[in-house]
Amino acid sequence: MQDPNTEAQKGDILWSDNNLNKSGRRAHYMVFIKPYDSHYFVGAMITHSKRFNNVQLEEKHFQKTDAKGCAFKVYFDNSLVVGNPLFKNLDWKPFEKVGQLTEIGIAFIENEILKFAPEFYADNSR
């Protein structure tokens, strides 16, 4: 996937080998929420950290398989989401869809974090 703003659906869980943190390591999975502009989309970051006001997710928030019955690479694993939406850089392309939130998961993310303005994640290179 080259451009999540035109190719992704709300709730798609994406991965990019080019999404690096400041130390050069590959960063977290991201949930596509909505397009933003020609440089960014608004997303949520999946994490395992229970610090920083991250919000606990539940198994019912993740689809286990795609429409063809193939298991997704990413599903619930004591997962949390960062407590506010984040700008995700389109320059990190290509992106790979590795999972999908359920409708309940999408609603949960929207209710929990979309009440805040999107921010840049301090540990990501831009």
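Located above this text is the structure these notes cover.
Residues numbered from 1 in each chain as written. Predicted model: local features only at pLDDT ≥ 70, side-chain atom pairs only at ≥ 80, totals over all residues. Heavy atoms only, no water.

I keep staring at the overall build of the protein chain and nothing clicks. Help me out?
Each helix and strand in the protein chain was counted, giving 2 helices and 7 strands. Order of helices (α) and strands (β) in the protein chain, N terminus to C terminus: α-β-β-β-β-β-β-β-α. In terms of C-alpha radius of gyration, the protein chain reaches 13 Å, essentially the compact-globule figure of 14 Å for 126 residues. Put simply, the protein chain has 126 residues, and 44% of those count as buried. Accessible area for the protein chain stands at about 7,100 Å²; split by element, carbon and sulfur atoms hold 48% of it. Charge separation in the protein chain, taken as the distance between the mean sites of 16 positive and 16 negative side-chain charges, equals 4 Å. (Helix = DSSP H or I, 4+ residues; strand = E, 2+ residues; numbered from the N terminus. Rg over C-alpha atoms; globule rule 2.2 N^0.38 Å. Buried < 20%, exposed > 50% of the residue type's maximum accessible area, 1.4 Å probe, protein only. Areas by Shrake-Rupley, 256 points an atom, 1.4 Å probe, with all protein chains shown as cover. Lys, Arg positive; Asp, Glu negative; His and termini not counted. Charge placed at Lys NZ, Arg CZ, Asp CG, Glu CD.)

When you look at the packing of aromatic side chains in this model, what are you seeing that I'm missing?
To describe a pair of aromatic rings, one takes the distance between the centres and the angle between the planes. Summed over the entire model, instances satisfying the criterion amount to 8 aromatic pairs. Relative to F41, the ring of F32 has its centre 5.2 Å away and its plane inclined at 40°; by these criteria the two rings are tilted. Following the ring pairs from residue to residue traces out a cluster consisting of Y36, Y40, F87 and F120. (Phe/Tyr/Trp six-rings, centres within 6.5 Å; stacked < 30°, edge-to-face > 60°.)

In this structure, what is going on with empty space enclosed by the protein? I would like to understand it.
By rolling a water-sized probe across the atoms, one finds the places where empty space is left. Scanning the entire structure with this criterion turns up 2 cavities of 30 Å³ or more. Taken as a whole, the second largest cavity encloses approximately 40 Å³ of empty space. Taken together, K10, G11, V31, F32, I33, L101, I106, I109 and E110 make up the full set of residues lining the second largest cavity. The set of elements that each furnish at least two residues to the lining of the second largest cavity consists of strand 2 (30-35) and helix 2 (103-113). (1 Å grid on protein atoms, 1.4 Å probe; cavity = no way out; pocket = protein on both sides within 12 Å on 5 of 7 lines; lining within 4 Å. Points joined across faces, edges and corners; volume = space filled by probe spheres on them.)

Would you mind going over the pattern of salt bridges with me for this structure?
Opposite charge on two side chains allows them to pair when their charged atoms are near. Enumeration according to the criterion identifies 4 salt bridges in this entry. The partner of K60 in a salt bridge is E58, with the nearest N and O atoms 3.7 Å apart. (Salt bridge = Lys/Arg side-chain N within 4 Å of Asp/Glu carboxyl O.)

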